[in-house]
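Each chain, letter by letter, is given below.
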Amino acid sequence: MVSIQAKILNSGADYLQYEQVSVNQCLLPITSEVDADGHLFIGGSEVTSLVARFGSPLYILDEVGLRKACQQYQEAFKQFYPGTAQVIYASKAWSCLAVCGIIATEGLGFDVVSGGELYTALRSLKELGLDPEGKIYFHGNNKSPEELRQGIESNCTIVVDNWWELEQLAQWSDQKIRIMLRLTPGIECHTHEYIRTGHLDSKFGFDPHDLKKLFEFVAGRSHLNCVGLHAHIGSQIFESQPHQDLAKLIVTWQKQALSYGLQIQELNLGGGLGIRYTEQDDPPSIQSWVELVCQGVIEACQDLGMSLPKLMVEPGRSLVGSSCVTAYRIGSSKTVPGIRSYVAVDGGMSDNPRPITYQSVYRCVVANRMTAPLTETVTVAGKHCESGDILIHNARLPKTEPGDVLVVMSTGAYNYSMASNYNRLPRPAAVLVNQGEANLILRRENYEDLLCQDLLPERLLESK
Ligand SMILES: *Cc1c(COP(=O)(O)O)cnc(C)c1O
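For clarity, every value in this text was computed on a predicted model and none was experimentally measured.

## Focus: the domain arrangement of the chain
- Under the domain assignment, the chain is made up of domain 1 (2–62 + 321–450) and domain 2 (81–315).
- Each of domain 1 and domain 2 has a C-alpha centre, and these two points are 32 Å apart.
- Counting from both sides, the interface comprises 28 residues of domain 1 and, opposite them, 23 residues of domain 2.
- When domain 1 packs against domain 2, close to 2,200 Å² is buried across both sides, 62% of that on carbon and sulfur atoms.
- Here domain 1 and domain 2 share one salt bridge between them.
- As a salt-bridge pair, Arg363 and Glu279 come within 2.7 Å of each other at their nearest N and O atoms.

Okay, structure coming up:
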């Protein structure tokens, strides 16, 4: 067997030991291999057999790759940061018991943005017998009073986003509450406008022009234990400069807080490191990104005479994105002469809404024809009643037949978590693969699941 990763990364150059590859720079999960018959294996399982056994569409998650990404973050901080560091998983990227469980056993914390994500993180920690204390950070620009209560009762750190939230917490004076303040840094980065959050007119976070008022308010409320500052500038970022600029800025804010008597210990620089979706994408490695972030913070602390804070980052996409693929069965096709050929698969915008939402570009391979020559240029269409339900434009594929298994790569982040039941498609199953074992981690929805919240009022039955 050969590692396909090497081929795709370096267009046929030498075999690359996957130990040396940064997980976020891989197109296929790091354990991907191809056998002599041109069949794709992930985590030691043959992809077409997984589809035969578990059905399609199917999310296939490579456990080794996911753990490796966690370890690459942790090891990089050990190497480049002399102080305490904590890596927190932005669980909105993919929130389910198994993913949270794996990440928790690698020692990472969680960022949650809703009561549902909090519930999932807490349950996975509980099932694994792990203590949630100090592990969970509760984000969100409009937490409901009920969610705030849930967060406080489970001892989360509340990442306060706005004045309304801060005023509600101020009234919770019978209890000490651990908080961080989220600020909008006013740093621009090059990514899709829907996933940029650092510019000043973002819906998230306090305006830094309000810092004085903010620090005064918090300093005057002794039950609000303000441990940190937070900023997140966006997602799928390939540059390191914005995070270095952010490091400077956030240490400056930390220093300003001192004059209000606020000893802020923790600085959270958010997530945002990009992954490779196509050969053209060139994100920095996890290691070099962490190195630059650490450098930025260390330099800023030296310049401003501050001691090193507890440094936190909260990646989502770069932890789970590259270690999962979605396998579909190919069905119908259509050629519009002189214009294009369509090949349709048995899923689409309901299991991967990113192309239609963000014009995201994906790449695919055919799991049972990995060594066949790429002779066709086709548009891979989903099966939804929506002309825009196109997964990939101009995909380069071998000649395919109905029943072939098409694999879309890098689908671990913001796919399952954004999936819907549009057109009443049941959401796909997900399997975790490792060394030839495959375990179901998300059961495929069935038609009864689709109806389980439906009600028929008596009145309708009587009036028939
Ligand atoms: C979405 C988000 C993240 C994670 O972003 P990635 O690009 O997936 O790493 C981290 N922090 C906050 C506050 C977010 O909203």
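## Re the site of the ligand
- For the ligand, the set of nearby residues contains 15 residues, the closest of which are Lys92, Ser235, Glu314, Arg317 and Tyr414.
- The side chain of Asp111 places a nitrogen or oxygen atom 3.5 Å from a nitrogen atom of the ligand.
- Between an oxygen atom of the ligand and a side-chain N or O atom of Ser235, the distance comes to 2.2 Å.
- Considering the ligand on its own, with 390 Å² of exposed area, one finds that the protein chains cover 94% of that surface.
- Its residues assigned to classes, the shell around the ligand shows three nonpolar, seven polar and five charged.

## So, the sheet that holds strand 9 (residues 157–160)
- Spatial ordering of the closed barrel is given by 6-7-8-9-10-11-12-13, a layout of eight strands whose pairing is parallel. Within this sheet the neighbouring strands show an average axis-to-axis angle of 30°, counted without direction.

## Description of the environment of Ser417
- Relative to the assigned elements, Ser417 resides in the loop between strand 19 (405–408) and strand 20 (429–434).
- With a relative accessible area of 31%, Ser417 lands in the partly exposed category.
- Separated by 325 residues in the primary sequence, Ser417 and Lys92 place their C-alpha atoms 6.7 Å from one another.
- Side-chain polar atoms of Ser417 contact the backbone oxygen of Lys92, separated by 2.9 Å.

## Description of the environment of Ala104
- Checked against the element boundaries, Ala104 lands in helix 4 (residues 97–105).
- For the pair Ala104 and Pro132, spaced 28 residues apart in sequence, the C-alpha separation works out to 9.5 Å.
- The residues touching Ala104, leaving out its near neighbours within four places in the chain, are Phe110, Leu125 and Leu130.

## Considerations on the pairing of strand 7 (residues 109–112)
- Neither face of strand 7 is exposed, since Gly109 and Asp111 on one face and Phe110 and Val112 on the opposite face are all buried.
- Pairing geometry for strand 6 (residues 85–90) and strand 7, over three bridges, is parallel. Bridging from a neighbouring strand, Ile88 pairs with Gly109 of strand 7.
- Traced from strand 6 through helix 4 to strand 7, the parallel crossover comes out right-handed.
- The pairing of strand 7 with strand 8 (residues 136–138) spans three bridges and is classified as parallel. In the strand pairing of strand 8, Asp111 is matched with Tyr137.

## Section: the packing of aromatic side chains
- Evaluation of the coordinates by the stated rule reveals nine aromatic pairs.
- With a centroid separation of 6.0 Å and 55° between ring planes, the pair formed by Tyr59 and Trp94 is classed as tilted. Highlighted residues: Tyr59 in strand 5 (residues 58–62) and Trp94 in the loop between strand 6 and helix 4, separated in sequence by 35 residues.
- We classify Tyr59 as buried; its relative accessible area is 0%.
- Exposure remark for Trp94: the relative accessible area of 1% places this residue in the buried category.
- Aromatic pair Trp163 and Phe217: ring centres 5.6 Å apart, planes at 85°, arrangement edge-to-face. One end of the pair, Trp163, is in helix 7 (residues 163–170); the other, Phe217, is in helix 8 (residues 211–219), and 54 residues separate them in sequence. Per residue, the accessibility class of Trp163 equals that of Phe217, and both read buried.
- Pairwise contacts between aromatic rings join Tyr59, Trp94 and Tyr416 into one cluster.
- Directly above the ring of Trp163 sits Lys213, whose terminal nitrogen or CZ lies 5.0 Å from the centroid.
- A cation over an aromatic ring shows up here: Arg221 above the ring of Phe217, its NZ or CZ 3.8 Å from the ring centre.

About the cut-offs
For every chain, the first residue of the written sequence is number 1, and numbering continues from 1 along that sequence. Since the coordinates come from a predicted model, pLDDT governs what is reported: local features require at least 70, and pairs of side-chain atoms require 80 or more to be given and counted, while whole-chain, interface and lining totals use all residues. Values shown for side chains rest on all heavy atoms present in the structure; no hydrogens or waters enter the calculation. Segment limits for the domains were obtained from an automatic or database-derived domain assignment. Two residues qualify as a contact provided that any one of their heavy atoms is within 4.5 Å of a heavy atom in the partner residue. By convention, the term buried area covers the 1.4 Å-probe accessible surface removed from two parts as they join, with the contributions of both added. Think of a salt bridge as a Lys or Arg side-chain nitrogen and an Asp or Glu carboxyl oxygen that are within 4 Å of each other. Nearness is judged by heavy atoms alone; a residue qualifies as near a molecule or strand once a single heavy atom is within 4 Å of it. Two N or O atoms count as a polar contact when they lie within 3.5 Å, although within protein this holds only if one can serve as hydrogen donor and the other as acceptor, and sequence-adjacent residues are included solely when both atoms are side-chain atoms. Residue exposure ignores everything except the shown protein chains as possible cover, and the areas themselves are Shrake-Rupley values with a 1.4 Å probe. We call Asp, Glu, Lys and Arg charged. Ala, Val, Leu, Ile, Met, Phe, Trp, Tyr, Cys and Pro are nonpolar, and the rest, Gly among them, are polar. Any two strands between which DSSP finds at least two bridges are classified as paired. Secondary structure elements follow DSSP: runs of H or I of four or more residues count as helices, runs of E of two or more count as strands, with numbering from the N terminus. Helix axes use the C-alpha atoms of the stretch in contact, all axes being lines fitted to C-alpha atoms, and the angles between their N-to-C directions lie in the range 0 to 180 degrees. The buried label applies to any residue whose accessible area, calculated with a 1.4 Å probe on protein chains only, is under 20% of its type's maximum; exposed applies above 50%, and partly exposed to all values in between. When the strands point away from the viewer, a crossover counts as right-handed if the path from the first strand over the helix to the second runs clockwise. A pair of Phe, Tyr and Trp rings is counted when the ring centres sit within 6.5 Å of each other, with Trp represented by its six-membered ring. The angle between the planes then sorts it: under 30 degrees is stacked, over 60 is edge-to-face, the rest tilted. Cation placement over rings: the criterion is NZ of Lys or CZ of Arg within 6 Å of the ring centroid and within 35° of the ring normal.

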